[in-house]
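Each chain is listed here by its residues.
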Amino acid sequence: DTDLEQERSMKTTLAVLALFLSTSAYAAEKQSQSFVKKAIEGNFAEIEMGKLAQQNGQSENVKNFGQMLQADHSAANDKAIEAAKSVGVTPPDGPNAKQRAEYEKMSKMSGAQFDRHFASHMVADHQKDIAEYKKASKNADATGEYAKASLSVLQKHLETAKSLGSSKTSSR
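Conventions adopted
- Residues numbered from 1 in each chain as written.
- Predicted model: local features only at pLDDT ≥ 70, side-chain atom pairs only at ≥ 80, totals over all residues.
- Heavy atoms only, no water.
- Helix = DSSP H or I, 4+ residues; strand = E, 2+ residues; numbered from the N terminus.
- Buried < 20%, exposed > 50% of the residue type's maximum accessible area, 1.4 Å probe, protein only.
- Salt bridge = Lys/Arg side-chain N within 4 Å of Asp/Glu carboxyl O.

Q: What should I look at first to understand the environment of serine 32 in this one?
A: Examined against the element boundaries, serine 32 turns out to sit in helix α1 (residues 2–56). For serine 32, a relative accessible area of 1% puts it in the buried group. With 89 residues separating them along the chain, serine 32 and histidine 121 place their C-alpha atoms 26 Å apart.

The structure is reproduced here in structure tokens:
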């Protein structure tokens, strides 16, 4: 009789373990899907901001940074879209509503005012992105690989954005 109880106990333990593993796999998959969707929206937003910087920026540094953002985030988005497909996500086709609103606000600015706002927005945005990408780089799937591969470019963008903020006086 004890053998039967042990067997039942073992089966219950295995069932609980299987449920736990499938639940955590599901959670990890959802986390990957959420990250890659936000990453694609972010890339679209950076591409648009890059174009805007080239149009509305005053300093040559801001215009050049805009060009870099447009090129780098276009290339990154191709990779992000591939990663999205591999985890079963239909890629978004543009920035989210909050990002569009920020773009609209900045599109009404020009000259030194645009340069200042753009530089501080890019610093804050890339700091937030780097934190999210570091977390996602631990994902054991295509989204983790994408996040890992993107960190050095995001770091370069952050450093460039910071240098724009500190060179305000040179454009006067």
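Now that the structure is up, let's keep going.
Q: Mind showing me how you'd approach the pattern of salt bridges here?
A: A side chain of one charge can pair with a side chain of the opposite charge if their charged atoms are brought near each other. Under the counting rule described, the total for this entry stands at 8 salt bridges. The partner of aspartate 72 in a salt bridge is lysine 156, with the nearest N and O atoms 3.6 Å apart. Highlighted residues: aspartate 72 in helix α2 (residues 60–86) and lysine 156 in helix α5 (residues 142–166), separated in sequence by 84 residues. With relative accessibility at 21%, the residue aspartate 72 sits in the partly exposed group. Lysine 105 is the partner of glutamate 102 in a salt bridge, and the nearest nitrogen-oxygen pair spans 3.9 Å.

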